[in-house]
Each structure stands twice: as structure tokens, then as C-alpha cells.
Amino acid sequence: QVQLVESGGGLVQTGGSLRLSCAASGLTFSVYSMGWFRQAPGKEREFVAVISWSGGAVYYADSVKGRFGISRDNAKNTVYLQMNSLPPAATAVYYCAADLDYRGLPHGPRGVDYWGTGPLVTVSS
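What counts and how
Residues numbered from 1 in each chain as written. Predicted model: local features only at pLDDT ≥ 70, side-chain atom pairs only at ≥ 80, totals over all residues. Heavy atoms only, no water. Helix = DSSP H or I, 4+ residues; strand = E, 2+ residues; numbered from the N terminus. Contact = heavy atoms within 4.5 Å. Polar contact = N/O pair within 3.5 Å; in protein donor to acceptor, adjacent residues only side chain to side chain. Pairing = 2+ DSSP bridges. Axes fitted to C-alpha atoms, helices over the stretch in contact; angles between N-to-C directions. Salt bridge = Lys/Arg side-chain N within 4 Å of Asp/Glu carboxyl O. Buried < 20%, exposed > 50% of the residue type's maximum accessible area, 1.4 Å probe, protein only.

## Observations regarding the environment of Thr 14
Piece 1. Along the polypeptide, Thr 14 turns up in the loop between strand 2 (10-13) and strand 3 (18-25).
Piece 2. The spatial distance from the C-alpha of Thr 14 to the C-alpha of Pro 88 is 6.1 Å, given a sequence separation of 74 residues.
Piece 3. Contact partners of Thr 14, with chain neighbours within four places excluded, come to Leu 86, Pro 87, Pro 88, Val 123, Ser 124 and Ser 125.
Piece 4. Among the polar contacts made by the side chain of Thr 14, one reaches the main-chain carbonyl oxygen of Ser 124 at a distance of 2.7 Å.

Encoded structure:
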């Protein structure tokens, strides 16, 4: 079955950096667009970033533009999220997502093909 296994979450101070990884198995990784979403306590899950199947196109939520970077390695079936200059508001569970529809992912979590279980990222003030 399809598995998306994230790693790299944890505790970081305000202004610090973290890199999340998501290793995929059970699917043809190279044909899927991959995205990251996050869900803060008491809030809805929101879109963060998406990368196309080839890595040639990326798109970010306005709230993370210039600070986050999404990338992928199709040889390793892995997608990454580099997060820099983290503010306390970035505290959330971060979910990896796989979907065939690149343009659909930024519209929200509904209909996403596959989800990871989500590492917690805590940014202390």
C-alpha cells in the first residue's frame, strides 16, 4: 500500500531552520505532484507548498514565500521542505501529500490522493 513517511520535525527557536523529508513508497512517485500542508492547533489544515512531478514547477502559500523551499529527488522517492526564519506561528503538524493534480493541491486538502501522518514542528518564542 501507499506510504508517505515524514521525518525532520521537532523543536526549533524563533528564526531557526528545519528541513522536513517525506519518503514515498507503494506508488509511482515520479508521476505525482507532491505537496506540504500544515495544521496548527485549533485551525484547519492549510496548503504550504507544491512541486510538480518533474520538479520544474513550484508554488507556495503567500505566508511562506521567500522563507520555505520545496524540492524533490525522484531517484530517492523523496520530497523535502526547507523551512527558514521560522516564526512561532509556524508551529503545526506538517503533512506530506501526493496527488496527480498539481493545480489542485493549492486549493486545499480536500480530494488529496495520499497523506503522510505528519511530524510536529514547534517554534519556541
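After that view, the rundown keeps rolling.
## A short note on the sheet that holds strand 1 (residues 3-7)
Piece 1. Pairing is antiparallel in the open sheet, where four strands are placed in the order 1-3-8-7. The open sheet has two edge strands with one neighbour each: strand 1 and strand 7 (68-73). Averaged over neighbouring strand pairs, the angle between their axes works out to 15° when direction is ignored.
Piece 2. Bridge count for strand 7 against strand 8 (residues 78-83) is six bridges, and the pairing is antiparallel. Paired with Phe 68 across the strands is Met 83, a residue of strand 8.

## Some remarks on the pattern of salt bridges
Piece 1. Scanning all chains against the criterion turns up two salt bridges.
Piece 2. Linking Arg 38 and Glu 46 is a salt bridge whose minimum nitrogen-to-oxygen distance equals 2.7 Å.
Piece 3. Given a relative accessible area of 36%, Glu 46 falls into the partly exposed group.
Piece 4. The closest approach of N and O atoms between Lys 65 and Asp 62, which form a salt bridge, is 3.1 Å.
Piece 5. On the basis of relative accessible area, Lys 65 is assigned to the partly exposed category, the value being 45%.

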